[in-house]
Amino acid sequence: MKMNEIKGLETKELAEKLETAVANYDQLKLNHAVTPLENPSQIKAARRDIARMKTELRQRELNK
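Residues numbered from 1 in each chain as written. Predicted model: local features only at pLDDT ≥ 70, side-chain atom pairs only at ≥ 80, totals over all residues. Heavy atoms only, no water.

**Considerations on the overall build of the chain**
In step 1: A count of helices and strands for the chain gives three helices and zero strands.
In step 2: Overall, the chain is about 45 × 15 × 15 Å in size when its C-alpha atoms are taken along their principal axes.
In step 3: Taken across its 64 residues, the chain has 23% of its residues classed as buried.
In step 4: Pairs at least 24 apart in sequence give 64% of the contacts found in the chain among residues at least 6 apart.
In step 5: For the chain, the accessible surface area stands at approximately 5,000 Å², while carbon and sulfur atoms represent 50% of it.
In step 6: Distance between charge centroids for the chain: 7 Å, based on 13 positive and 10 negative side chains. (Helix = DSSP H or I, 4+ residues; strand = E, 2+ residues; numbered from the N terminus. Buried < 20%, exposed > 50% of the residue type's maximum accessible area, 1.4 Å probe, protein only. Contact = heavy atoms within 4.5 Å. Areas by Shrake-Rupley, 256 points an atom, 1.4 Å probe, with all protein chains shown as cover. Lys, Arg positive; Asp, Glu negative; His and termini not counted. Charge placed at Lys NZ, Arg CZ, Asp CG, Glu CD.)

Below you can see the structure in the form of structure tokens.
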């Protein structure tokens, strides 16, 4: 998910997407521990998406 897409979302939508992204990330890590993923770079991409979303939420919180 790109920063432009993240900035276009409302705060409530962004929080919901963050929750689903964290759940997806946890599932990816679990699946990778059991059987190696075909593309392990998905884990890194998911982690970075989560960081982008958290950064945007924090920026919005500070700008209020």
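**Here's the deal with a negative patch on the surface**
In step 1: There is a patch of like negative charges on the surface, built from Glu10, Glu13, Glu16 and Glu19.
In step 2: Turning to its location among the elements, Glu16 is positioned in helix H2 (residues 11-34). (Patch = residues over 30% accessible without salt bridge, like charges linked within 9 Å, V, L, I, M, F, W, Y side chains within 5 Å. Salt bridge = Lys/Arg side-chain N within 4 Å of Asp/Glu carboxyl O.)

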